[in-house]
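These are the residues of each chain, in order.
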Amino acid sequence: MFAYETKVTRIVDGDTIIVELQGKSEKIRIIGINTPESVDPRRPVECYGKEASTRAKELLYKKTVTLENYQERDRHGRVLGYVRMSDGKDFGEIMISSGYAHSFKSYSHSRLATYNKLEKEARSNQVGLWAPDACLNDDVTQDILHQERITLIKQIIKILETFFRLFFWSWY
């Protein structure tokens with residue numbers, strides 16, 4: 001297992017950070033977790049994306065961490081690695097068990113079973129993004145709710161128009 005102690009210089013989002021790695025600034029995609037999008041310019045900010053990014057900043061920004069198993073790169077050129085915080089805790093475990101991240105199931109990795117179990121527990125306990133009211137104030141959710149209200153109002157208007165036509169038609 002490769003391990004390298006370094007300092008986090010920037011948080012991109014909840015599952016991507018920038019560190020100094022062997023004298024070079026590198027973007028690290030954290031293995032095994034997937035947080036809702038918060039910075040992709042092609043997509044709207046997803047439910048709990050801002051919260052996940054904020055939590056990553058609280059836990060990692062300007063902190064010393066240990067990158068583990070960091071030798072590979074993904075298709076975007078980011079270094080793949082696990083992140084162990086200075087207190088010895090696995091960052092992925094913290095994010096998943098607190099409801100800030102999903103277990104990333106698309107690729108097999110050594111902590112997949114543990115991460116899946118933690119996600120299942122977080123869902124059962126309804127923490128973080130699994131809470132029933134987690135996304136009620138989210139912009140995307142608000143847009144969807146607004147569209148649903150408009151659709152409902154249009155349906156009510158049609159029903160009322162039909163009712164009045166039938167009611168007034170019977171008077172003639």
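What you are looking at is a predicted structure, and each value in this text was computed from that prediction instead of being measured.

1. Overview of unusual backbone geometry
Then, number 1: Not every positive phi belongs to a glycine, and Gln22 is a case in point at roughly 50°.
Then, number 2: Tracing the backbone through its elements, the reader meets Gln22 in the loop between strand E2 (16–21) and strand E3 (24–30).
Then, number 3: The class of Gln22 is exposed, set by a relative accessible area of 55%.
Then, number 4: The phi dihedral of Gln126 falls on the positive side, at around 55°, and the residue is not glycine.

2. Quick word on the environment of Gly128
Then, number 1: Inspection of the secondary structure puts Gly128 in the loop between helix H3 (112–125) and helix H4 (139–169).
Then, number 2: Residue Gly128 is classed as buried on the basis of its relative accessible area, which comes to 15%.

3. Quick look at the pattern of salt bridges
Then, number 1: With the rule as written, the count across this model stands at 12 salt bridges.
Then, number 2: Across the pair Arg165 and Glu161 runs a salt bridge whose closest N-O atoms are separated by 3.9 Å. Of this pair, Arg165 and Glu161 both sit in helix H4, separated by four residues, roughly a single helical turn.
Then, number 3: Residue class for Arg165 comes out exposed when judged on its relative accessible area of 55%.
Then, number 4: Taking the relative accessible area as the measure of exposure, Glu161 reaches 40% and is therefore partly exposed.
Then, number 5: Where salt bridges share partners, they join Glu68, Arg84, Asp90 and Arg111 into one cluster.

4. Digging into the layout of surface pockets
Then, number 1: A volume near 1000 Å³ is recorded for the largest pocket.
Then, number 2: In terms of lining residues, the largest pocket is bounded by 37 residues, among which Arg29, Asp74, His76, Arg78 and Phe104 are the most central.
Then, number 3: Looking at the lining of the largest pocket, the elements that each hand over two or more residues are strand E1 (3–13), E3 and strand E6 (79–85).

5. Details of a nonpolar patch on the surface
Then, number 1: Side chains of Leu152, Ile156, Leu160, Phe163, Phe164 and Phe167 sit close together on the surface and give an oily, nonpolar patch of about 560 Å² of accessible area.
Then, number 2: Its place among the elements puts Leu152 in helix H4.

About the criteria used
Residues numbered from 1 in each chain as written. Predicted model: local features only at pLDDT ≥ 70, side-chain atom pairs only at ≥ 80, totals over all residues. Heavy atoms only, no water. Helix = DSSP H or I, 4+ residues; strand = E, 2+ residues; numbered from the N terminus. Buried < 20%, exposed > 50% of the residue type's maximum accessible area, 1.4 Å probe, protein only. Salt bridge = Lys/Arg side-chain N within 4 Å of Asp/Glu carboxyl O. 1 Å grid on protein atoms, 1.4 Å probe; cavity = no way out; pocket = protein on both sides within 12 Å on 5 of 7 lines; lining within 4 Å. Points joined across faces, edges and corners; volume = space filled by probe spheres on them. Patch = residues over 30% accessible without salt bridge, like charges linked within 9 Å, V, L, I, M, F, W, Y side chains within 5 Å. Areas by Shrake-Rupley, 256 points an atom, 1.4 Å probe, with all protein chains shown as cover.

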